[in-house]
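Spelled out from the first residue to the last, the chains are:
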Amino acid sequence: MQTQVKYQSEIKTATMGDRTITIENLTPILPPKEREKRKQEIEQRLFNVFSKYADNRCG
């Protein structure tokens, strides 16, 4: 059975002319080992994407 992930909320507001834009960023609260594991997965995926496009530009 999986536990429910809790999130930390960060809210930013910006004004552009007569409009107000609110952005809510939700960050999962994870144990250090899980956070490091996810970080490594994301870094590897980003590396794969950027490597693919870097190869196309150089060739």
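First, a word on scope: everything that follows refers to the structure included in this document. (Residues numbered from 1 in each chain as written. Predicted model: local features only at pLDDT ≥ 70, side-chain atom pairs only at ≥ 80, totals over all residues. Heavy atoms only, no water.)

**What to know about the overall build of the chain**
Alright, step 1. Within the chain, the secondary structure is distributed over 1 helix and 2 strands.
Alright, step 2. Along the chain, helices (α) and strands (β) appear in the sequence β-β-α when read from the amino end.
Alright, step 3. Accessible surface for the chain amounts to roughly 6,300 Å². Of this, 53% is attributable to carbon and sulfur atoms. (Helix = DSSP H or I, 4+ residues; strand = E, 2+ residues; numbered from the N terminus. Areas by Shrake-Rupley, 256 points an atom, 1.4 Å probe, with all protein chains shown as cover.)

**As for the pairing of strand β1 (residues 6-16)**
Alright, step 1. Along β1, only 0 of the 11 residues are buried, which leaves the element largely exposed.
Alright, step 2. Linking β1 to strand β2 (residues 19-29), which pair antiparallel, is a turn of 2 residues; within it Gly17 sits at a positive phi near 65°. (Buried < 20%, exposed > 50% of the residue type's maximum accessible area, 1.4 Å probe, protein only. Pairing = 2+ DSSP bridges.)

**Section: the pattern of salt bridges**
Alright, step 1. Taken as a whole, this structure holds 2 salt bridges when the rule is applied.
Alright, step 2. With its nearest N and O atoms 3.5 Å apart, the salt bridge here joins Glu10 to Lys12.
Alright, step 3. Here Glu10 falls in the partly exposed class, since its relative accessible area comes to 38%.
Alright, step 4. A salt bridge links Arg38 to Glu34; the shortest N-O distance between them is 3.1 Å. Here Glu34 and Arg38 lie together in helix α1 (residues 32-58), a separation of 4 residues that amounts to about one turn.
Alright, step 5. With relative accessibility at 36%, the residue Arg38 sits in the partly exposed group. (Salt bridge = Lys/Arg side-chain N within 4 Å of Asp/Glu carboxyl O.)

**Topic: the pairing of β2**
Alright, step 1. With 0 of 11 residues buried, β2 lies mostly on the surface of the structure.
Alright, step 2. The pairing of β1 with β2 spans 11 bridges and is classified as antiparallel. Bridging from a neighbouring strand, Tyr7 pairs with Pro28 of β2.

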